[in-house]
Each structure stands twice: as C-alpha cells, then as structure tokens.
Amino acid sequence: MNTKIQDFIAISDVVSLMNLLCGVLSVIMSIRQDFFTAAILMIFSLLFDSVDGWVARKTNRIDEYEFGKNIDSLSDIVSFGVAPAVFLYSYALLNTPYLEIPAIIVTSFIVICGVLRLTRYNVISNEVKGFIGFPIPGMAIIIAAFYLSGLFNIYLAMILAIVISLAMICNRPYEKFGNLYLLVLNCICLLLVVLQVPLKIYFVNVPALIVLLTSLAYLIINLIK
C-alpha cells in the first residue's frame, strides 16, 4: 500500500486544513483573551467547512480510503469542539474565576460529546442519510454569534453549551438546513459580521443576532419535532 501523504491529500483536504487552522488560531486567541477575534475565526472555520465538500464534488475526487472524511472530522473537533470549549473556559476564567470548576466540566463535556458525535457520524454515514444528532458546527456558530451579538452571558452560554452537547449525541434526525432564503440570509449576516459592518441597534449586533436566533431555532425545532 502506498503511504505517501501527498497521494492522499486532495484540494478539498487543503480546505479542511484551513478549517483546522482557523480553529487552532481561535484557541490561541481565546488563550490570549482576544475573544472577538476568536469568535470571528470560528466563523471562518465554518465557512471553510461549508465548502470543502463542494470542492471535492467539483474536482471529482475519488476517495477510496475515506481520507477526506476523516481529515474533515478531525478538523471539526478542533474548530467546533475544542475552540468553543476553550473560548468558554478562557472567558469564564477572566470574568468569573469562581466558575473555573464548572467551566472545566462544561469544557470537557463539549469535547467529549463532539468526539462521540463525529465518530458516530463516520461509522454510520455510509448507511444512514442525513444527520443524527445536532451537527457539531452549530456549537461554534451559536457560541460565536452569541458573543458577537453583544448579548453574551457566561451563565447562559454554559447552559446552552450543555444543551447543544446533549443534542449532538442524541438519536434524533436533523434535516439539513434546506431553507434557501434563511440560508442566504445567514450567509449575508455572517459576511457582515466578518467585515464588521456596524449594523447595530443600541449595543446589539443585528446580523450576529439573526445568525444566533436562526441557529437556535434549528437546534430546538429539530430536537422537539
């Protein structure tokens, strides 16, 4: 068997690695207590994660050993599991140091549930269509949008993180985000957030709030449906 790494990597995998890189940089920014940049980098991770599959299809990739699926999942656990977990821990340690122990527990729970969610997906993806459990990118986008909205509250964020973690490992099917109008609206809002276009009502960042609310609606509606 040929084991040269260059014979496994395709263009779509480079996109997945950009997702990973943004996740690593987000972790670093959280440790440096630059939470705004950390949140923006989580959004960039989501953008790269959203296009790697499209790139694979457009380049007609033949992935005999499922290298792409594995590198995508390994990148996702960093960007959408570890990055938001470290974000919450670093924020709590800075602003509410008395919450350090609960923050450690929540942080660990996020990563463990994220690994379980992605591992199950890799095992069943060839047999089961669609998503089982809340997709892990939702963890990062909800935490990032919550912070960028200007409404961030560490207590509520930790509760949300626990709910999202449980939703990731639940056995409920989650349909793909198929509403074209809401998808376009969210893409526009994410672009406005990344470009730091000042669309605010008082201290509330409206595009970030829209992304937060639509993401929460996707989480809740599919969970209780």
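Overview of the structure. (Residues numbered from 1 in each chain as written. Predicted model: local features only at pLDDT ≥ 70, side-chain atom pairs only at ≥ 80, totals over all residues. Heavy atoms only, no water.)

1. Some remarks on the overall build of the protein
Stage number 1. Assigned secondary structure in the protein consists of 8 helices and 4 strands.
Stage number 2. Mapped from its N terminus to its C terminus, the protein presents α and β elements in the order α-α-α-α-β-α-α-β-α-β-β-α.
Stage number 3. Whereas a compact globule of 225 residues would reach a radius of gyration of roughly 17 Å, the protein reaches 17 Å, a difference of no more than 12%.
Stage number 4. Over its C-alpha atoms, taken along the principal directions, the protein stretches across nearly 55 × 40 × 35 Å.
Stage number 5. Looking at the protein as a whole, 45% of its 225 residues are labelled buried.
Stage number 6. Excluding contacts between residues fewer than 6 apart, the proportion of contacts in the protein whose partners are at least 24 apart in sequence is 78%.
Stage number 7. When the accessible surface of the protein is totalled, it reaches about 12,000 Å², and 70% of it is carbon and sulfur.
Stage number 8. Taking the average location of the 13 positive side-chain charges in the protein and that of its 13 negative ones, the two points are 7 Å from each other. (Helix = DSSP H or I, 4+ residues; strand = E, 2+ residues; numbered from the N terminus. Rg over C-alpha atoms; globule rule 2.2 N^0.38 Å. Buried < 20%, exposed > 50% of the residue type's maximum accessible area, 1.4 Å probe, protein only. Contact = heavy atoms within 4.5 Å. Areas by Shrake-Rupley, 256 points an atom, 1.4 Å probe, with all protein chains shown as cover. Lys, Arg positive; Asp, Glu negative; His and termini not counted. Charge placed at Lys NZ, Arg CZ, Asp CG, Glu CD.)

2. With respect to the packing of aromatic side chains
Stage number 1. All chains considered together, the criterion is met by 14 aromatic pairs.
Stage number 2. With a centroid separation of 6.2 Å and an interplanar angle of 75°, the aromatic rings of Tyr91 and Tyr147 are classed as edge-to-face. Taken together, the positions of Tyr91 in helix α3 (residues 67-95) and Tyr147 in helix α5 (residues 137-148) put the pair 56 residues apart, joining distant regions of the chain.
Stage number 3. Classification of Tyr147 as partly exposed rests on a relative accessible area of 22%.
Stage number 4. Ring centres of Tyr91 and Phe152 lie 4.8 Å apart, and the angle between their planes is 75°; this geometry places the pair in the edge-to-face category. Here Tyr91, found in helix α3, pairs with Phe152, found in the loop between α5 and α6 (154-169); they are 61 residues apart in sequence, far enough to count as distant. Summarising the burial analysis for this pair, Tyr91 and Phe152 share the class buried.
Stage number 5. Counting every residue linked through ring pairs, the aromatic cluster contains Phe35, Phe87, Tyr91, Phe146, Tyr147 and Phe152. (Phe/Tyr/Trp six-rings, centres within 6.5 Å; stacked < 30°, edge-to-face > 60°.)

3. Here we look at empty space enclosed by the protein
Stage number 1. Going through the model one piece at a time under the given rule, you end up with 2 cavities of 30 Å³ or more.
Stage number 2. Space inside the largest cavity adds up to approximately 40 Å³.
Stage number 3. Along the walls of the largest cavity sit Arg117, Arg120, Tyr121, Ile124, Ser125, Val128, Gly130, Phe131 and Ile132, which together make up its complete lining.
Stage number 4. At the level of elements, α4 (100-124) and β1 (131-132) are the ones that each hand at least two residues to the lining of the largest cavity. (1 Å grid on protein atoms, 1.4 Å probe; cavity = no way out; pocket = protein on both sides within 12 Å on 5 of 7 lines; lining within 4 Å. Points joined across faces, edges and corners; volume = space filled by probe spheres on them.)

4. Regarding the pattern of salt bridges
Stage number 1. Counted under the stated rule, the structure contains 1 salt bridge.
Stage number 2. Notably, a salt bridge pairs Lys69 with Glu66, separated by 3.2 Å at the nearest N-O pair. (Salt bridge = Lys/Arg side-chain N within 4 Å of Asp/Glu carboxyl O.)

5. A short note on unusual backbone geometry
Stage number 1. One non-glycine residue, Gln33, adopts positive backbone phi at about 65°.
Stage number 2. Counting through the fold element by element, Gln33 comes out in the loop between α1 (11-31) and α2 (35-58).
Stage number 3. The phi torsion at Tyr202 lies on the positive side, around 60°, for a residue other than glycine.
Stage number 4. Among the secondary structure elements, Tyr202 is positioned in the loop between β3 (200-201) and β4 (204-205).

All we've got here are geometric facts, nothing functional implied.
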